[in-house]
Amino acid sequence: MDLVFGLSWLLTVFLEGIHCQGVYAPPTVRIVHSGHACNVEEERYTERVYTIREAETLELTCLVTGHPRPQMRWTKTAGSASDRFQDSTVFNETLRIANIQRHQGGRYYCKAENGLGSPAIKSIRVDVYYLDDPIVTVHQSIGEAKEQFYYERTVFLRCMANSNPPVRYSWRRGREVLSQGSDKGVEIYEPFFTQGETKILKLKNLRPQDYANYSCIASVRNVCGIPDKNVLFRLTNRTASPSIKLQVEDPIVVNPGHTVTLVCVTVGGEPTPTLTWVSNAETLPAKAVLNGGTLTLPAVVTEDAGVYSCVANNNVGNPAKKSATVIVRALKKGRFWITPDPYHNDDNIQIGREVKISCQVEATPPEELVFNWLKNGRPLRSSERMVITQTDPDVSAGTTNLDIIDLKFTDFGTYTCIASLKGGGIPEISIDVNISSTTVPPLFFSFLVPPNLTVPRGKSPLVTQEGDTVELQCLVSGKPKPIILWSRADKEAPMPDGSMQTESYDGILRIVNVSREMTGSYRCQTSQYNGFNVKPREAVVELIVQYPPTVEEVFTEMRQGLMRSFAMSCRVLRAHPSRVLRYEWRLGSRLLNAGQFDLQDETEFNVRSLSREGYGEYTCDIINEAGAGRCTFLVTGRAYPPEFFYDTYSPLWQNRPRVYGYKLQWTQMNPGAVDRIVAYRLGIRQTGQQRWWEQEIPVEGTIQTGELITYNLTELIRPEAYEVRLTPITRFGEGDSAVRMIKYSREFHCSFEEEPICMFTQEKTDDFDWTRHSAATRDTKYTPNTGPSSDRSGSKQGEFMYIETSRPRVEGDQARLLTPIFNVAPKNPYGPAGHAYCFSFYYHMYGKHIGTLNTFLRQKGQTSSESPVWSLSGNQGDRWRQAKVGIHPTASFQMVFEGIRGPGIEGDIAIDDVTLEEGECRDPPPNNLMSLAPPTADHIWRLCVTLPLALFSQRR
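Residues numbered from 1 in each chain as written. Predicted model: local features only at pLDDT ≥ 70, side-chain atom pairs only at ≥ 80, totals over all residues. Heavy atoms only, no water.

A. Representation of the environment of I244 within the structure. Looking at where I244 falls in the secondary structure, it is placed in strand 19 (residues 240-246). Expressed as a C-alpha distance, the spacing of I244 and C264, which sit 20 residues apart in the sequence, is 6.9 Å. Residues contacting I244, with those up to four places away along its chain left out, are C264, V265, T266, V267, L275, C310, A312, A320, K321 and K322. (Helix = DSSP H or I, 4+ residues; strand = E, 2+ residues; numbered from the N terminus. Contact = heavy atoms within 4.5 Å.)

B. Highlighting the sheet that holds strand 14 (residues 176-178). The strand order 14-13-17-18 describes an open sheet built from four strands, whose pairing is antiparallel. Each having just a single partner strand, strand 14 and strand 18 (229-234) make up the two edges of the open sheet. Taking the axes of each pair of neighbouring strands and ignoring which way they run, one obtains an average angle of 30° across the sheet. Strand direction decides the pairing type here: strand 13 (residues 168-173) and strand 17 (residues 213-219), joined by six bridges, are antiparallel. (Pairing = 2+ DSSP bridges. Axes fitted to C-alpha atoms, helices over the stretch in contact; angles between N-to-C directions.)

C. Molecular detail of the packing of aromatic side chains. Within this structure, the stated rule accounts for 19 aromatic pairs. Each member of the aromatic cluster is reached from another via a ring pair, and the members are F839, F841, Y843, W870 and F897. Positioned above the aromatic ring of W692, the side-chain terminus of R725 is 4.0 Å from the ring centre. The lysine or arginine in question, R740, covers the ring of F644, its NZ or CZ lying 5.9 Å from the ring centre. (Phe/Tyr/Trp six-rings, centres within 6.5 Å; stacked < 30°, edge-to-face > 60°. Lys NZ or Arg CZ within 6 Å of the ring centre and 35° of its normal.)

D. Region of the structure containing the pattern of salt bridges. As enumerated under the stated definition, the model contains 39 salt bridges in all. A salt bridge links R207 to D183; the nearest nitrogen and oxygen atoms lie 3.1 Å apart. Of the two residues, R207 is situated in the loop between strand 16 (198-203) and strand 17 and D183 in the loop between strand 14 and strand 15 (186-189); the sequence distance between them amounts to 24 residues. For D183, a relative accessible area of 13% translates into the label buried. Between R510 and E471 there is a salt bridge whose closest N-O contact spans 3.5 Å. Taken as a pair, R510 in strand 43 (residues 508-511) and E471 in strand 39 (residues 470-473) lie far apart in primary sequence, 39 residues in all. Overlapping salt bridges bring together R173, E176, D183, R207 and D210 as one network. (Salt bridge = Lys/Arg side-chain N within 4 Å of Asp/Glu carboxyl O. Buried < 20%, exposed > 50% of the residue type's maximum accessible area, 1.4 Å probe, protein only.)

E. Up close: the state of the cysteines. Counted under the stated rule, the structure contains seven disulfides. Note that C838 is cross-linked by a disulfide to C921, the S-S spacing being 2.0 Å. With the S-S dihedral at roughly 105°, the linkage between C838 and C921 falls on the right-handed side. Within this pair, whereas C838 is found in strand 67 (residues 837-845), its partner C921 is found in the segment after strand 72 (909-918), the two being separated by 83 residues in sequence. Looking at the unpaired C620, the closest cysteine sulfur is the one in C570, lying at 3.9 Å. (Disulfide = S-S within 2.5 Å.)

F. Region of interest: the environment of W277. Looking at the secondary structure, you find W277 in strand 22 (residues 274-279). Overall, W277 belongs to the buried group, its relative accessible area being 5%. In sequence terms W277 and G292 are 15 residues apart; their C-alpha atoms lie 9.7 Å from each other. Here G293 takes part through its backbone oxygen, which lies 3.0 Å from a polar atom of the side chain of W277. (Polar contact = N/O pair within 3.5 Å; in protein donor to acceptor, adjacent residues only side chain to side chain.)

This is how it looks when you write it as structure tokens:
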């Protein structure tokens, strides 16, 4: 089949080129819907409202025209188009949201642009309708609250339901409908501050008959088919708010790895309350197990600590809540510091003076924290010279201090601080502080050396190159050696690891893959922890990061024809160091030019006459000590791709069985950019096939900008779809290809949006003509009570056809509108007579003077040239209705719309969205149709029909 198709196609295709001024056109857009809309209406002149029920499917299509083919996208405000499309944009003509939710309502925009004029934008507001189940809550008047407060007390029943549109409430007691004034003991009202949100039923001084079943019915008046919803509440003399108790101790202190069980039980409440557990962390741990009122936390860790609350609710009064705190034991962050004699403000520690050793640990719970001190492994107790304290008011909790009074040689040794929790089960934290001696003359012994910081020679400023690994170094001395803190000194900025400070134990800050933004000053500073508690020592290291030049343009494609001149330019944006820059121009590996920059920041290379050897990749390298920045220019003679013309009217035709033809049209993008296009290579293949059939189409003369080129494809097998590839050819070779799909359509459709109105024509022998209009432009000043206020889709800007019945029209005047001619394939002698088509259209017949709308079938070669198929008279209301009728022509045919003027000026008749579809009608609408065509059975044989017409049987 592929071979036969290919040969016949190659033999029958031919080329036609025509010049068409004004082919390029800015974009236009129109939004149509095809989902489960409840209603589409105009809210204001520029906004349409699309109403849809929650959980239905939203489907909006953006119909785009313009050449070149506009790029379009959907966006949304005030929410998401799945939420904000998860990227705020959808690049499809059809926006489809299945199972739409209430938060996805909002205004949706379709935007199309093709570089000509301003982008075209249309919007539609999507209103999602829903109704949640109502909830009844019961409260007692606060001034009357007692333990048995539902006996002869005033009770309020509040009904609430979330909805869109606003809900209406009604109350029933048993089967009795309650309304304001129907019972003196009942009052129904809406609180002023919650208008429309709730409806309260007030029962004043409860009577025996008030103990009953109460129903609240929530309704949105069946909009979008949403049914009413109701809730039942039984009020008795036992009705009471919930009360609960926890069968656990509070707080609950446990070790990591243990299992915690929290038990909550109901001790009162009617109806029976429901129990839930919540955490101060908003969500319960993923491993939590709920079983009724019991919450189990297996193998707890530190992150599971917090407040857990049991909440009981039965919609009576306020929910009951009881809480318990779970504490998970832990010890962490042990550290120490040494303070010289605090009374002399000295950095040195001397024999005969005081020294303080501080030890700090974070403990949970803090009240269980216990400290013990050892000297050389033996317990150390507080004494007059060795004073141990744990609650120093000047230091945060979790700190112990060892004050050594009148330091002596015998005090040298290792001091150990041990932190533990009273309950046990948690590993201890042990911190050693080693006190040793060094003789320093005269008569002075220093066993601890204050810290000192220096920057090694040659390490500041430190010069490196972008991408390298660099080490900033500060030499630290002292006993004990303190932790070093690194931070930025020149600005308030984070360190390379993202933190504001970085700790270092050896004084080195290592930066991997250094970048230009890291240039600057870095401060190294001693920490008080694990060292002397004295004024911090600090030093500064300068870091200079060199990087190659940043240039523009990084990559440029230049399309040029032979013998043409052009220039290429490469510009430096920034570089470090910025001095001593040089440049090199190359074509491939061949050096073309080189030099150095003086004061300029740009270099240019000129090609005076492009030869065939001059095509290729040109590079300009701008070089400094750190490397090179490169501008790349790809010089090619490849032609730009063609731009398919999608707005061709009725491109598909058919005049033989089982095959169809297609009118392919395109323009050439920037045809003068390269050498003259001498031909196009046209490839075509059936969808799903691998093999391409190709033919070269010669081009005579020079293609002009905006010239519309036409090529007729024939012998396309019905109903197959085809992929078409078109490639321009110059003496350089093949250019860029464009690809599009061609699909066989079994349907003719016309919405009258564009001229020339789908090749409909006016009858020349009638009394007046049909008029193409939109509701936005139609003047209703003198006839406001007739004619449509929008097109069939609900748009005021959408076009339709109508008859204007104002003067000078008189009763009985006729206006006749003819469709294009549709060809019926030759009849199969062995098949049934005639072919089945479904002819449908929308009509609008509103006004007290409406006349008659008729449709006729006109067939070629028939003795009686027209057969009536549908007719309707009189006022049908201010709405669009659909008509469908089956026809069975045996020859080429066209349909005729006949509008007949009624007795007055309020008699405008309109039609829109005319469709002719192959096959019998499905689901005809329930309106006053009168099909006068003879009925037939379903046709087994349905041969070829030209849909829509042809009228292109002649070739331009």
